[in-house]
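Letter by letter, the chains look like this.
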Amino acid sequence: MFTQSIGYGVRASIISCARQGLFLIPVLAILPRVLGLTGLQLAQPLSDIFAFILAFVLTSRILRELEEKR
């Protein structure tokens, strides 16, 4: 929401799609084959962690850009 509300719509969309599309689908394809049921259970939290890391990186860059404009 932060990125969208300050006018960075593309980055907000990337962060929004990251959790369910960019990370969850590949993790669901890989982990259950490797770890079985445990892999299926770990897929959602792992995709959330990846999405958090992506959001942190993108938000840090936005804050750096805003600081430079100041």
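Worth saying up front: this structure is predicted, and the values here are computed from it rather than measured. (Residues numbered from 1 in each chain as written. Predicted model: local features only at pLDDT ≥ 70, side-chain atom pairs only at ≥ 80, totals over all residues. Heavy atoms only, no water.)

Details of the environment of Ala29
The residue Ala29 is located in helix α2 (residues 9-35) in this model. The spatial distance from the C-alpha of Ala29 to the C-alpha of Leu40 is 9.1 Å, given a sequence separation of 11 residues. (Helix = DSSP H or I, 4+ residues; strand = E, 2+ residues; numbered from the N terminus.)

Overview of the packing of α2 against helix α3 (residues 37-69)
The N-to-C vectors of α2 and α3 enclose an angle of 150°; their axes lie 7 Å apart at closest approach. What the angle tells us is that α2 and α3 run roughly antiparallel. α2 and α3 meet at a crossing whose hand is right-handed. Considering only residue class, the contact of α2 with α3 consists of 21 nonpolar, 5 polar and 4 charged. (Axes fitted to C-alpha atoms, helices over the stretch in contact; angles between N-to-C directions. Parallel < 35°, antiparallel > 145°, perpendicular 65-115°, else oblique. Left-handed = near helix turned anticlockwise from the far one by under 90°. Nonpolar A, V, L, I, M, F, W, Y, C, P; charged D, E, K, R; others polar.)

Quick look at a nonpolar patch on the surface
A grouping of Ile49, Phe50, Phe52, Ile53, Phe56 and Val57 is seen on the molecular surface, where their side chains present a nonpolar patch of about 580 Å² in accessible area. As for its position among the elements, Val57 is in helix α3. (Patch = residues over 30% accessible without salt bridge, like charges linked within 9 Å, V, L, I, M, F, W, Y side chains within 5 Å. Areas by Shrake-Rupley, 256 points an atom, 1.4 Å probe, with all protein chains shown as cover. Salt bridge = Lys/Arg side-chain N within 4 Å of Asp/Glu carboxyl O.)

A word on the pattern of salt bridges
The full count for this structure, using the stated rule, is 1 salt bridge. A salt bridge links Glu65 to Arg11; the nearest nitrogen and oxygen atoms lie 3.0 Å apart. Of this pair, Glu65 sits in helix α3 while Arg11 sits in helix α2; the two residues are 54 residues apart in sequence, bridging distant segments of the chain. With a relative accessible area of 27%, Glu65 lands in the partly exposed category. (Buried < 20%, exposed > 50% of the residue type's maximum accessible area, 1.4 Å probe, protein only.)

Looking at α2
For α2, built from 27 residues, the straight-helix expectation of 39 Å at 1.5 Å per residue is met to within 8% by its first-to-last C-alpha distance of 37 Å. Maximal helix bending in α2 amounts to about 65°, located at Ala18. What α2 keeps buried is the set Ala12, Ala18, Leu24, Val27 and Leu31. Against the buried residues of α2 lie α1 (2-5) and α3. A positive phi of about 70° marks Gly36, the residue just after α2. (Expected span 1.5 Å × (residues − 1). Bend = angle between axes of the 7 residues up to and from the residue. Contact = heavy atoms within 4.5 Å.)

Re the side chain of Thr3
Along the polypeptide, Thr3 turns up in helix α1. In this structure, Thr3 is in contact with Tyr8, Gly9, Arg11, Ala12, Ile15, Thr59 and Ile62, ignoring residues within four places of it in sequence.

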